[in-house]
Amino acid sequence: MRASDHLSISRRALVAGAAAATSATTPGSADAQPAPATSATSNPGASAISKVSFRVNGEVRDLAVDTRTTLLDALREHLQLTGSKKGCDHGQCGACTVMVDGRRIYSCLTLAVMHEGDEVTTIEGLGQPGNLHPMQAAFVKHDGYQCGYCTPGQICASVAMLEEIKAGMPSHATADLTAAPRLTPEEIRERMSGNICRCGAYSNIVDAITEVAGRQA
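Draft legend 1. Expanded view of the overall build of the protein. Looking only at helices and strands, one finds eight helices and five strands in the protein. Written out in order from the N terminus, the α and β elements of the protein read α-α-β-β-α-β-β-β-α-α-α-α-α. Relative to its 217 residues, the protein shows a buried fraction of 35%. Accessible area of the protein: about 12900 Å², with a carbon and sulfur share of 55%.

Here is the structure:
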């Protein structure tokens, strides 16, 4: 019993001594207060809303959107222009292709707030059921679609692609960079390679584009 009492007293003395030593090495620790939370961390998930104004299919549209909103989501979710499709959401399939100031882009890879004052054209702005754009009519004629999911992006890309050739912009398939690009099947396939058709209607798409190009020539 005496040995146990001695051991118990020694343990208490050891703990008390350690506590005293700790207090001695951290002066003012009793008065220390936790650091107040900063405003930057008080609500880290808060979104920033920004206004953007652009012309969509000839009409000025004003939006207030989260700064992280893509152009595709602004068109589909805010303006209800659902022709442009969300396929991969990584810029790999081309289903979301629209034209901005006449040039084709993947709308899933760009933010809506980046297009202040721009002219955006979607499939809805190219033509309507009673008044089809020549490219839309050619796709129907040549069966350039099957499920139709990629078709809006295919058509927007086709229209912009023909303008690129008119402007003399070469592609990887252009044999002579000093001459105007020629509209060959190889040129069309190369320039349209960023638009995937899961149904495999590629040959029909080439036929449709070739017909429209022939009319324009």
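Let's pick the thread back up.
Draft legend 2. Seen up close, the packing of helix α5 (residues 134-141) against helix α6 (residues 151-166). As a packed pair, α5 and α6 sit with axes 10 Å apart at the nearest point and diverge in direction by 125°. Here α6 runs oblique to α5, going by the angle between their axes. For the crossing formed where α5 meets α6, the hand is right-handed. Across from Met 135, Gln 136 and Phe 139 in α5, the residues of α6 making contact are Thr 151, Gln 154, Ile 155, Ser 158, Val 159 and Leu 162. Looking at the contact of α5 with α6, its residues break down into five nonpolar, four polar and no charged.

Draft legend 3. Region of interest: the pairing of strand β4 (residues 103-106). Pairing of strand β3 (residues 97-100) with β4 involves four bridges; the strand directions are antiparallel. For Thr 97, the partnering residue across the bridge sits in β4 and is Tyr 106. Linkage of β3 to β4, two consecutive antiparallel strands, is achieved through a turn of two residues, within which Asp 101 is found at a positive phi near 55°.

Draft legend 4. Just the sheet that holds strand β5 (residues 119-121), in detail. The mixed open sheet is built from five strands, whose spatial order is β2-β1-β5-β3-β4. Among the strands making up the open sheet, the edge pair consists of β2 (59-66) and β4. Between one strand axis and the next, the sheet turns through 40° on average, direction left out of account. Relative to β5, β3 runs antiparallel, the two being bridged by two bridges. When the sheet's bridge partners are listed, Met 99 is paired in β5 with Thr 121. Packing against the sheet, α6 makes contact with β3 and β4, and its axis sits at approximately 40° to β3.

Draft legend 5. Molecular detail of the layout of surface pockets. Space inside the largest pocket adds up to approximately 260 Å³. Around the largest pocket, the lining is made up of 15 residues, and of these Arg 104, Glu 164, Glu 190, Arg 191 and Gly 194 lie nearest the centre. When contributions to the lining of the largest pocket are tallied by element, the ones reaching two or more residues are β4 and α7 (185-191). For the lining of the largest pocket, the element with the most residues is β4, which contributes three residues. If you add up the space inside the second largest pocket, you get close to 190 Å³.

Draft legend 6. Seen up close, the pattern of salt bridges. Following the criterion strictly, the structure yields eight salt bridges and no others. Between Glu 119 and Arg 55 there is a salt bridge; the shortest N-O distance is 3.6 Å. One end of the pair, Glu 119, is in strand β5; the other, Arg 55, is in strand β1 (residues 49-56), and 64 residues separate them in sequence. Residue Arg 55 is classed as partly exposed on the basis of its relative accessible area of 35%. Note that Arg 191 is salt-bridged to Glu 164, the shortest N-O span being 4.0 Å. Of the two residues, Arg 191 is situated in helix α7 and Glu 164 in helix α6; the sequence distance between them amounts to 27 residues. For Arg 191, a relative accessible area of 7% corresponds to the buried category. Linked through salt bridges whose partners overlap, the residues forming this network are Arg 104, Glu 164, Glu 187 and Arg 191.

Scoring rules and cut-offs
Residues numbered from 1 in each chain as written. Predicted model: local features only at pLDDT ≥ 70, side-chain atom pairs only at ≥ 80, totals over all residues. Heavy atoms only, no water. Helix = DSSP H or I, 4+ residues; strand = E, 2+ residues; numbered from the N terminus. Buried < 20%, exposed > 50% of the residue type's maximum accessible area, 1.4 Å probe, protein only. Areas by Shrake-Rupley, 256 points an atom, 1.4 Å probe, with all protein chains shown as cover. Axes fitted to C-alpha atoms, helices over the stretch in contact; angles between N-to-C directions. Parallel < 35°, antiparallel > 145°, perpendicular 65-115°, else oblique. Left-handed = near helix turned anticlockwise from the far one by under 90°. Contact = heavy atoms within 4.5 Å. Nonpolar A, V, L, I, M, F, W, Y, C, P; charged D, E, K, R; others polar. Pairing = 2+ DSSP bridges. 1 Å grid on protein atoms, 1.4 Å probe; cavity = no way out; pocket = protein on both sides within 12 Å on 5 of 7 lines; lining within 4 Å. Points joined across faces, edges and corners; volume = space filled by probe spheres on them. Salt bridge = Lys/Arg side-chain N within 4 Å of Asp/Glu carboxyl O.

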